[in-house]
Amino acid sequence: MLFLRSSIFQILFYVSTFLMMVLFSPVLILPRKMGWWVVHFWSHFNIALLRVVVGLDVEVRGRENIPEGGYIVASKHQSAWETFALIREFPDPTFILKRELRWIPIFGWYTAKFDQIPINRGQRSAALAALKVSADEAISAGRQILIFPEGTRRPVGGEPKYKFGVAHLYRDLECPVLPVALNAGVFWPRASWMVYPGKVIVEILPPIPPGMATDAFYRRMVDDIETASVRLCEEARKQKPLSPVLAKLPPVPATDA
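A few points on the structure.

About the cut-offs
Residues numbered from 1 in each chain as written. Predicted model: local features only at pLDDT ≥ 70, side-chain atom pairs only at ≥ 80, totals over all residues. Heavy atoms only, no water. Axes fitted to C-alpha atoms, helices over the stretch in contact; angles between N-to-C directions. Helix = DSSP H or I, 4+ residues; strand = E, 2+ residues; numbered from the N terminus. Parallel < 35°, antiparallel > 145°, perpendicular 65-115°, else oblique. Left-handed = near helix turned anticlockwise from the far one by under 90°. Contact = heavy atoms within 4.5 Å. Nonpolar A, V, L, I, M, F, W, Y, C, P; charged D, E, K, R; others polar. Core = buried A, V, L, I, M, F, W, Y, C linked by side-chain atoms within 4.5 Å. Buried < 20%, exposed > 50% of the residue type's maximum accessible area, 1.4 Å probe, protein only. Phe/Tyr/Trp six-rings, centres within 6.5 Å; stacked < 30°, edge-to-face > 60°.

**Digging into the packing of helix H1 (residues 2–23) against helix H3 (residues 37–54)**
Orientation of H1 relative to H3, taken along the N-to-C sense of each, is 160°, at an axis distance of 10 Å. With respect to H3, the axis of H1 lies roughly antiparallel. Remark: the crossing between H1 and H3 carries right-handed chirality. Here H1 contributes Arg5, Ile8, Phe9, Leu12, Phe13, Ser16, Thr17 and Met20 to the contact with H3, which in turn contributes Phe41, Trp42, Phe45, Asn46, Leu49, Leu50, Val53 and Val54. Considered class by class, the residues forming the contact of H1 with H3 number 12 nonpolar, three polar and one charged.

Okay, structure coming up:
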C-alpha cells in the first residue's frame with residue numbers, strides 16, 4: 001500500500017508540475033512580482049498533495065525568527081521536499097541553483113523569469129564573482145536567498161558535508177543568515193521513490209547577525225543546523241508508524257542544549 005501511495009504521489013507530482021508550467025505560462029510575459037503567485041501556488045499544492053495522497057503533513061516552528069528584508073536562508077538538505085516546501089515560508093525567495101537547470105525546457109524559463117540565481121560549478125572563480133553580483137542585487141531588493149550549504153542532499157544519519165561558500169557570501173553581503181533545520185529525509189529519503197506518512201518538522205532558528213568572522217560564523221551555522229536537525233530526526237521516532245529510515249538507524253543520545 002505504501003508503494004502504491006508513493007507511486008500515485010510521484011506520478012501526480014511530476015504530471016501536475018508539467019501541466020502547471022504549461023497552463024500558467026502566460027505569466028512569463030508579466031512582470032516578475034505579478035507572476036510570483038504561481039510559484040507559491042505550486043508549493044502549497046504539492047504540500048497538500050503529500051498530505052492527501054501519502055499522509056505526510058508538516059509543522060513549522062520558529063516563524064517568529066524570520067527577519068524582514070533581505071537575508072540568506074541556509075537550510076539542511078535531506079530531501080526533494082524542501083526544494084518546494086520552503087518557498088511558501090518567505091515573501092520573495094530566490095534559489096541558488098545549478099546553471100544547467102536553466103537549460104531544461106519550460107522549467108528553465110521559469111527559473112529565469114523569477115530571477116533564480118544560476119551558478120556554473122565548473123568555473124569556480126568566475127562563478128563566485130558572478131554569484132556575488134547576483135546575490136548582492138537580490139539582497140538589495142529585499143529578497144531572501146535560499147541556499148543548501150551542503151550542496152546536495154545528505155542522508156539522515158550521514159556525515160554532514162557543508163561547503164564554505166556560504167561563509168564567503170555572508171562576509172561579502174553583510175546580511176543576516178537564517179539557519180533552517182528539518183527532518184524531511186526521514187519521510188522522503190534522497191533518491192528514493194518511496195514517501196512515508198508522518199509529519200515533517202521544520203525549525204527556523206534564530207538568525208545569525210552580520211559581522212562575525214567567517215570561521216566563527218561557519219562553525220556556528222553548522223552547529224546550529226546540525227544540532228537541531230539531529231534532534232528533529234530523533235523526535236520523529238515518537239511518530240507511529242516508525243519510518244523505515246529511522247528503523248535502520250540506532251537512536252542518537254540526547255545532548256545538552
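**Regarding the nonpolar core**
Formed by 51 residues in total, the largest nonpolar core has its most connected members in Phe9, Leu50, Leu56, Trp81, Phe84, Tyr110 and Val202. A total of eight residues in this core trace back to one element, the largest contributor, which is H3. Excluding anything up to four places from it in sequence, Leu56 contacts Ile47, Leu50, Arg51, Trp81, Phe187, Val195, Tyr196, Pro197, Gly198, Lys199 and Val200. Among the nonpolar cores identified, the runner-up in size contains 25 residues, and Leu131, Leu169, Leu173 and Phe217 belong to it.

**Digging into the packing of aromatic side chains**
The full count for this structure, using the stated rule, is 16 aromatic pairs. Consider the rings of Tyr170 and Phe217, whose centres lie 3.9 Å apart with planes at 5°: the pair is stacked. Of this pair, Tyr170 sits in helix H7 (residues 165–173) while Phe217 sits in helix H8 (residues 214–235), and the two are 47 residues apart along the sequence. For the pair Tyr170 and Phe217, one class covers both residues: buried. In this structure an aromatic cluster arises from ring pairing among Phe9, Phe13, Tyr14, Trp42, Phe84 and Trp188.

**Some points on the packing of H7 against H8**
Where H7 meets H8, the closest approach of the two axes is 9 Å, and the angle between their N-to-C directions is 125°. Classified by the interaxial angle, the pair formed by H7 and H8 is oblique. The hand of the H7/H8 crossing is right-handed. Two secondary-structure elements touch here, H7 through Val166, Ala167, Tyr170 and Arg171 and H8 through Thr214, Phe217, Tyr218 and Met221. Each residue belonging to the contact of H7 with H8 can be placed in one class, and the counts come to six nonpolar, one polar and one charged.

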